[in-house]
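# Remarks on the overall topology
Here is how the chains run, residue by residue.
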Amino acid sequence: MPTLDTGKRALLLENIHPDATTRLVKAGYEVSTESRALGEDELISAAAGVSLLGIRSSTHVTERVIGALPDLLAVGAFCIGTNQVDLAAAATRGVAVFNAPFSNTRSVVELAVAEIISLARRLPEKNHQMHNGEWDKSARGSHEVRGRTLGIVGYGNIGTQLSVIAEALGMTVYFYDIADKLAIGNARRCSTLQELLESVETVTLHVDGRAGNRGFFGNEEFAMMRPRSLFLNLSRGFVVDHVALRRHIETGHIAGAAIDVFPNEPKGRGDEFVSELRGQPNVILTPHIGGSTEEAQQDIGEFVSGKLIDFAAGGATAMSVNMPGVALPAVAGTHRLVHLHKNVPGVLAAINRVLADHGVNVEGQLLRTRDEYGYVITDIGTSYSEEVLDELRAMDVTIRLRTIEND
Ligand code: NAI
């Protein structure tokens, strides 16, 4: 029986939630942790011999890093964004990259709900007055949200979940999305942004960060909103023209706003926050904390470590950001061949020819392709020779072959 791949060392950087360590240890990994981000050289030496690497947003996993770590199987970005990882370089070497796209969805939704209610009750002003010793117990300009209209722009993970909770609060939800989306509950779809802006009292943006959304919401869009309406943006800073927003707040056309994301955000704690919106009345400003809760961090720790373990143990790439997505239930008592190759015609037939030539029977098999890569998982009986693996490795199209024992 051939020798199988067995490396079980993990390195987690940047204070990843301890639940990730617990889960990896339970799966048999020897885990080292580091509270800070590492530079290229430090990372290369700290990660030598490591098969699973966990980072957050500040560690850059460059082509040089990936090339210097031949044992590396997968990188877990314990956050949402993956710009800090050279995804193409990782794919070229068969290194799968995972992130946690939904772990903080609920946190963003809860902040949006809190802000919708706070703005409707003019809490920022009331709070400011109280801190200045002013007692103004008046109902003027304060409203319940029940029975009010909410317009959600971008009806994705966050938008749809907000839709459900807003309806539970008694709001009537309208939404606009450039893609066809199923209306959840009683939400009403608008066919244009203008229709939504003219229909609702509160507009909240939850669009994604595609390049085309730069400057998406400016003077024209604010002007279409109903007089005295409320505006929220918890999506991306570059989506909104803040100079235009300030003008509409100053004229009173917009009665309040809650902004969590900014075109230029300070790099670190202590750097000055500069914005046209500072000092405006009934405006809530938060430092990009929509998704920042302990629950979200814990969920990210659990979710990404699970993806890393499943990839290492069974080759599962479901939800990987750089590999074709494959998850094949294991056939007990077999060996698994995990083969990443160039996406050209005939590879599956070529793999199966090698197996057939050596009298090896296939017990289970699944192939998926994505862009220039193909990924096939094959379960075979345990009695085969090392030559089978040598021949598969020697195929022109092979990028990486791994062998795993199915329990
Ligand atoms: P998603 O990808 O599930 O949904 C985005 C939706 O916006 C999609 O349905 C898409 O079709 C739609 N869309 C894109 N451009 C549009 C346009 N111009 N007009 C109308 N619809 C448009 O994304 P998800 O997970 O719901 O996140 C939404 C946003 O929230 C993203 O920008 C994300 O970066 C941001 N976010 C912010 C956080 C924070 O801390 N404030 C934390 C997590 C996410």
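Residues numbered from 1 in each chain as written. Predicted model: local features only at pLDDT ≥ 70, side-chain atom pairs only at ≥ 80, totals over all residues. Heavy atoms only, no water.

### A closer look at the packing of helix α5 (residues 105-120) against helix α7 (residues 157-168)
Put simply, α5 and α7 touch, their axes get as near as 9 Å, and they point 50° apart. Comparing their axes, α7 and α5 come out oblique. The handedness of the crossing between α5 and α7 is right-handed. Contact with α5, carried on its side by Thr105, Arg106, Val108, Val109, Ala112, Val113 and Ile116, involves Asn157, Ile158, Gln161, Leu162 and Ile165 of α7 and no other residues of that element. The class makeup of the residues in the contact of α5 with α7 is eight nonpolar, three polar and one charged. (Axes fitted to C-alpha atoms, helices over the stretch in contact; angles between N-to-C directions. Helix = DSSP H or I, 4+ residues; strand = E, 2+ residues; numbered from the N terminus. Parallel < 35°, antiparallel > 145°, perpendicular 65-115°, else oblique. Left-handed = near helix turned anticlockwise from the far one by under 90°. Contact = heavy atoms within 4.5 Å. Nonpolar A, V, L, I, M, F, W, Y, C, P; charged D, E, K, R; others polar.)

### Regarding the domain arrangement of the protein chain
Partitioning the protein chain into structural domains gives domain 1 (1-104 + 293-323), domain 2 (105-242) and domain 3 (324-407). Taken residue by residue, the interface counts six residues in domain 1 and five residues in domain 2. Buried surface at the junction of domain 1 and domain 2, both sides included, amounts to about 370 Å², of which 38% is carbon and sulfur. On the domain 1 side of the contact with domain 2, Phe102, Asn104 and Thr293 bury the most area, a combined 89% of that side's loss. Taken together, the links from domain 1 to domain 2 amount to zero salt bridges. At the junction of domain 1 with domain 2, the criterion picks out five residue pairs in polar contact (both at pLDDT 80 or more). Of the residues contributing to the side of domain 1 that touches domain 2, the split by class is three nonpolar, three polar and no charged. (Domains from an automatic or database assignment. Buried area = accessible area lost by both parts, 1.4 Å probe. Salt bridge = Lys/Arg side-chain N within 4 Å of Asp/Glu carboxyl O. Polar contact = N/O pair within 3.5 Å; in protein donor to acceptor, adjacent residues only side chain to side chain.)

### Observations regarding the sheet that holds strand β5 (residues 96-98)
Two orientations exist for strands paired in a sheet by backbone hydrogen bonds: parallel and antiparallel. Pairing in this open sheet of five strands is parallel, and the strands run β2-β1-β3-β4-β5 from one edge to the other. Two strands lie at the open edges of the sheet, namely β2 (30-33) and β5, each paired on one side alone. Pairs of neighbouring strands in the sheet enclose a mean axial angle of 15°, with direction left out of account. Across the sheet, helix α11 (residues 294-314) touches β3 (52-55), β4 (74-77) and β5, and the angle it forms with β4 is around 170°. (Pairing = 2+ DSSP bridges.)

### Overview of the site of the ligand
In the vicinity of the ligand, 27 residues are found, and the nearest of them are Ile158, Asp177, Val207, Arg236 and Asp260. One of the backbone N or O atoms of Ile178 is found 3.4 Å from a nitrogen atom in the ligand. The contact in question runs from a nitrogen atom of the ligand to an N or O atom on the backbone of Leu234, over 3.1 Å. When the ligand is considered free in solution it has 870 Å² of accessible area, and contact with the protein chains removes 86% of it. (Near = heavy atom within 4 Å. Areas by Shrake-Rupley, 256 points an atom, 1.4 Å probe, with all protein chains shown as cover.)

### Section: empty space enclosed by the protein
As enumerated under the stated definition, the model contains one cavity of 30 Å³ or more in all. Here the largest cavity is characterised by a volume of approximately 60 Å³. Forming the walls of the largest cavity are Gly94, Phe311, Met323, Val338, Leu340, Tyr375, Arg400 and Arg402. Contributions of two or more residues to the lining of the largest cavity are made by β13 (335-342) and β16 (398-405). (1 Å grid on protein atoms, 1.4 Å probe; cavity = no way out; pocket = protein on both sides within 12 Å on 5 of 7 lines; lining within 4 Å. Points joined across faces, edges and corners; volume = space filled by probe spheres on them.)

### Details of the pairing of strand β7 (residues 172-176)
Where burial is concerned, most of β7 is hidden: four out of the five residues are buried. The sheet contact formed by strand β6 (residues 149-153) and β7 spans five bridges and is parallel. Bridge pairing in β7 links Leu150 to Val173. For the crossover from β6 across α7 to β7, the handedness is right-handed. Where β7 lies against strand β8 (residues 188-189), two bridges are found, and the strand directions are parallel. Residue pairing for β8: Tyr174 is matched across the bridge by Arg188. (Buried < 20%, exposed > 50% of the residue type's maximum accessible area, 1.4 Å probe, protein only. Right-handed = clockwise from strand over helix to strand, strands pointing away.)

### What about the sheet that holds β8?
Strands sit in the order β8-β7-β6-β9-β10-β11-β12 across an open sheet of seven strands; the sheet is parallel. Across the chains shown, the open sheet's two edge strands, defined by having one partner strand only, are β8 and β12 (283-285). Where strand β11 (residues 254-259) lies against β12, three bridges are found, and the strand directions are parallel. Residue pairing across strands places Ala258 opposite Ile284, the latter belonging to β12. On top of the sheet, α5 reaches β6, β9 (202-205), β10 (229-233), β11 and β12; it is set at about 155° to β10, its chief contact.

### Some words on the packing of helix α1 (residues 18-26) against α11
The packing of two helices is summarised by the inter-axis angle and the distance between the axes. At a minimum axis distance of 7 Å, the contact between α1 and α11 shows a crossing angle of 30°. By the criterion of interaxial angle, the relationship of α1 to α11 is roughly parallel. At the point where α1 passes α11, the crossing takes the right-handed sense. Residues Asp19, Ala20, Arg23 and Leu24 of α1 pack against Gln298, Gly301, Glu302, Ser305, Gly306 and Ile309 of α11. Residues of the contact of α1 with α11, tallied by class, amount to three nonpolar, four polar and three charged.

### Focus on unusual backbone geometry
A positive phi angle, close to 60°, is found at Glu14, a residue other than glycine. Tracing the sequence through the fold places Glu14 in the loop between β1 (9-12) and α1. Its identity is not glycine, yet Arg228 carries a phi of approximately 65°, on the positive side. Within the secondary structure, Arg228 is located in the loop between α9 (219-224) and β10.

### Examining the side chain of His339
Within the secondary structure, His339 sits in strand β13. By relative accessible area, His339 is classed as buried at 3%. One polar contact links His339 to His341, side chain to side chain, over a distance of 3.1 Å. At 2.8 Å, the side chain of His339 forms a polar contact with the side chain of Thr398. Look past the residues within four positions of His339 in its chain and what remains in contact with it is Val347, Ile351, Gly374, Tyr375, Val376, Leu392, Met395, Thr398, Arg400 and Leu401.

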